[in-house]
Amino acid sequence: MIEATQTKKGTDPYLSSFAQLQKELEGKQPPWLQQIRKAAISRFSDLGFPTSRQEEWKYTEVAPIRRTLFRPAAYEPNGLPTERLTGLTFANLQCPRLVFLNGHYSAELSSLKGLPETVQVKSLAEVLEQNPDLVKPHLTQHAQYEDHPFVALNTALIQDGALVHVSKGEVIQEPIHLLFLSTAAEEVVAVHPRNLILVDSNSQVTIVESYIGLHKGVYFTNSVTEIVVAENAVVDHYKLHQESRKAFHIDTLQVHQDRSSSVRTFNATLGGELTRNEVNVVLDGEGAECNLNGLYLISGTQHVDNHTRLEHAKPHCDSREMYKGILDEKATGVFHGRIVVRPGAQKTDSKQTNNNLLLSDDALINTKPQLEIYANDVKCTHGATIGQLDPEALFYLRTRGIDRTTARSLLIYAFASQVVNRIKVDLVRTELDDYLFSWLPAGHLVREAI
Amino acid sequence: MLEIKNLHVKADGKEILRGVDLKVNAGEVHSIMGPNGSGKSTLAQVIAGRESYEITDGEVIYQGKDLLEMAPEDRARQGIFLAFQYPVEIPGVSNTYFLKAALNALRKERGEEEVDAMDFLALIKEKMKLLGMDETLISRPVNEGFSGGEKKRNEIFQMVVLEPKLAILDETDSGLDIDALKIVAAGVNSLRSPERSFIVVTHYQRMLNYIVPDAVHVLYEGRIVKSGGKELALELEEKGYTWLEDKTAAAVNS
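Just so it is clear, the structure is predicted and the values come from calculations on it, not from any experiment.

1. Quick word on the interface of chain A and chain B
Thought 1: Taken together, the contact between chain A and chain B spans 21 residues of the former and 34 residues of the latter.
Thought 2: Note on chain A versus chain B: buried area summed over both sides is about 2200 Å², and carbon and sulfur give 62% of it.
Thought 3: Looking only at chain A, the three residues that lose the most surface to chain B are Phe395(A), Tyr396(A) and Arg400(A), adding up to 35% of its buried area.
Thought 4: Put simply, chain A and chain B have five salt bridges between them.
Thought 5: Notably, a salt bridge pairs Glu51(B) with Arg398(A), separated by 3.4 Å at the nearest N-O pair.
Thought 6: Elements that contribute at least two residues to the side of chain A that touches chain B include exactly α7 (391-398), α8 (404-420) and α10 (443-449) of chain A.
Thought 7: Residue classes in the side of chain A that touches chain B are distributed as 10 nonpolar, four polar and seven charged.

The following block contains the structure:
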């Protein structure tokens, strides 16, 4: 009877993966993590996969993930020649990088040349084996798994990912690229990357986290990244998602900010069949500010769900949020922007914007701002738009001799560029621009015009 | 250059133009005047190719070709330019990019080489000077945050860069102070030539002091009810459009 229920919930294969992993890690992992894993897998087993009856998952149906039997990815970290990365969007940014192949660190593909010694950039698996105390105060302490089955699953199955630790007062000029590659073609695999980024006080760092599928395989990425930002530190985080068009991608970015810290995030979703991006930020010190940005550019039957949760826990914090979506063909999207202002978080200043451009009659977006304000001296605004290309603007451009296709492409590019221009790292902005030019029907003409 | 014959146009099921006839020869400046709602802007937009109007009858021949069969961009490439009454704001598209794309589309059509960035910059600097435009406007998004006067001036700026064969000015003078008006007129006059024609749609006679027309037509309730020389504009200014209403009423009654 119990077995039947479990099968229906689809959690069984993951429970086996967990048991298998436990065997492999026997005697090789710190007891504190062992305990957390056990709690997390039990939570996952209790919660099961979310259904659309749950408010948080109302417009995103994860049944295809539940129904697919994924296997843990094999460990073959050196199974890819570096040349394979040439020409892939986001794969070949010229900056220090840690590369993970199907979730496992690949020393061969990684290069940290140019990084100062004051920043530690390592494989988490290595750190857990050699120096687990370094990560103990933070790993799994920020991304809550009690109510989130995917975070629970990731937590239970932590194996590898990146650890970045920037020491006090250090300014790291070069972006650090964390590159997650999937080579899944025929094999149906699941990976659960786990990243921890610790940024000490008065320091500064830029992280680029990208997920790229090399083949058109069906696979499942279930990633969690925790960023802990100490007082007066500055962090730029870019997440670029160009997974296979058949891939499932569930990601949680959990940010904890201390006093006077500043965080800017950018989430670009281009690939994947089913994607859920969660960005949760806790502004937990006075004078902290954060700026969340996102662009989703989807077509076919792609589905992208962006969930953001901004928690103003302390007074005098500012937050800005701008997400823009371009949906073509039968693509569907969700934007759910939640802002919580805790009691006492006075002088909160928060502004949220979500704009959507629907390029076809079949594309669909559900956008939902959600403000929960428990303080009385705050400024919170939100605005969401859903629209098509402005016919007036289109006509105006055409009366100047610009053909319809180019005019459309120019307007779509302009729409996207309002958020793309917020990218401070030239390497990333150029890559994204290039992608846009290749995506747009008259992109090469737009590129020439610009 | 342009010949409009018995043009009937509907918008939202309502007949706006009810048989317009107009002939504009190369090198001529024609002014179309009339009260609000007489169909002036509709006529301008139909020539430029707005697709939301329904042409129920008549024809428009431009340089021997059926204009109504052509897409707006093709009309532009054949030398038609409309200075909009309400120029559209296009966030995210800079004036420079936009105008360079437009100019190159036109040059390509004419079999000329595309201008490179340097030559283009030199060209627009010269034209901006001519129109007394603030150089910062060019790097800003098209019309975004421009004042009413800046938008109108930007239309004329585009016109002098694109050098059309037939330019239609749709109430470009409305809302301009006298200095801005003189600048706009100077821009138009700098382009006047035996090969180029203008249709100046206006509500007021004032601009015609600076852009002297060869002919003035009065559009009223979707028809051209009176045509004459530049004196007609003065007469209208003096007597007002009610004079026409009385006349039309008298004509209908008789």
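What follows picks up the thread again.
2. Looking at the packing of aromatic side chains
The relative placement of two aromatic rings is captured by the distance of their centres and the angle of their planes.
Residues and elements named next belong to chain A.
Thought 1: For the structure on display, the rule yields 17 aromatic pairs over all chains.
Thought 2: Taken together, a centroid distance of 5.6 Å and an interplanar angle of 50 degrees make the contact between Trp-57 and Phe-150 tilted. Of the two residues, Trp-57 sits in the loop between α3 (31-47) and α4 (63-67) while Phe-150 sits in helix α6 (residues 149-156), which places them 93 residues apart along the sequence.
Thought 3: You can call Phe-150 buried: its relative accessible area is 1%.
Thought 4: On the numbers, 6.4 Å between centres and 35 degrees between planes, the contact of Tyr-238 with Phe-266 is tilted. With Tyr-238 in strand β11 (residues 234-242) and Phe-266 in strand β13 (residues 262-269), this pair connects stretches of sequence that are 28 residues apart.

3. Things to note about the sheet that holds β13(A)
Residues and elements named next belong to chain A.
Thought 1: On the basis of which strands lie adjacent, the open sheet formed by 10 strands has the order β3-β2-β6-β9-β11-β13-β15-β17-β19-β21 and mixed pairing. This sheet does not close on itself; its edge strands, each paired only once, are β3 (104-111) and β21 (379-387). The mean angle between the axes of side-by-side strands here comes to 10 degrees, regardless of whether they run parallel or antiparallel.
Thought 2: Two strands pair when backbone bridges link them, and β11 and β13 are joined in this way by eight bridges, in the parallel orientation.

4. Some thoughts on the layout of surface pockets
All names here are of chain A.
Thought 1: One number sums up the size of the largest pocket: a volume of about 600 Å³.
Thought 2: Around the largest pocket sit 28 residues that line it, and Gln-144, His-148, Glu-278, Asn-280 and Arg-309 are the ones nearest its centre.
Thought 3: Tallying contributions element by element places strand β14 (residues 274-283) first for the lining of the largest pocket, with five residues.
Thought 4: Of the residues contributing to the lining of the largest pocket, the split by class is nine nonpolar, 11 polar and eight charged.
Thought 5: The space that makes up the second largest pocket amounts to roughly 460 Å³.
Thought 6: As for the second largest pocket, its lining consists of 22 residues, and the residues nearest its centre are Leu-25, Ala-125, Glu-129, Gln-159 and Asp-160.
Thought 7: Looking at the lining of the second largest pocket, the elements with two or more residues in it are α2 (12-25), β3 and α5 (124-130).
Thought 8: Looking at the lining of the second largest pocket residue by residue, the classes come out as 10 nonpolar, six polar and six charged.

Definitions and cut-offs
- Sequence order sets the numbering: in each chain, residues are counted from 1 along the sequence as written.
- Written order determines the labels here, with chains lettered from A and ligands numbered from 1.
- Under the rules for a predicted model, residues below a pLDDT of 70 receive no local features and side-chain atom pairs below 80 are neither given nor counted, while totals for whole chains, interfaces and linings still include all residues.
- With hydrogens and water set aside, each side-chain value is computed from the structure's full complement of heavy atoms.
- For this analysis, residues touch if any pair of their heavy atoms sits within 4.5 Å.
- Summed over both partners, the accessible surface that disappears when two parts come together, traced with a 1.4 Å probe, is what is meant by buried area.
- One side-chain nitrogen of Lys or Arg within 4 Å of one carboxyl oxygen of Asp or Glu is enough to make a salt bridge.
- Per the convention used, a helix needs a DSSP run of H or I reaching at least four residues, while a strand needs a run of E reaching at least two, with both numbered from the N terminus.
- Throughout this entry, Asp, Glu, Lys and Arg are counted as charged residues, while Ala, Val, Leu, Ile, Met, Phe, Trp, Tyr, Cys and Pro are counted as nonpolar. The remaining residues, Gly among them, count as polar.
- In this scheme Phe, Tyr and Trp rings, the latter by its six-membered ring, pair at centre separations within 6.5 Å, and the angle between planes marks the pair as stacked below 30 degrees, edge-to-face above 60, and tilted otherwise.
- Partly exposed describes any residue whose relative accessible area lies between the buried limit of under 20% and the exposed limit of over 50%, with all areas from a 1.4 Å probe on protein chains only and scaled to the type maximum.
- Paired strands, as defined in this entry, are two strands with at least two bridges between them according to DSSP.
- Lines are fitted to the C-alpha atoms to define the axes, a helix being fitted only along its stretch in contact, and any angle between axes, read from their N-to-C directions, falls within 0 to 180 degrees.
- Both cavities and pockets are sets of points on a 1 Å grid over the protein atoms alone; in a cavity a 1.4 Å probe fits but cannot get out, in a pocket the set is open with protein on both sides within 12 Å along at least five of seven lines, and lining residues sit with an atom within 4 Å of a point.
- Grid points are joined across faces, edges and corners, and a volume is the space filled by probe spheres set on the points.

The values reported here are purely geometric and, on their own, carry no functional implication.
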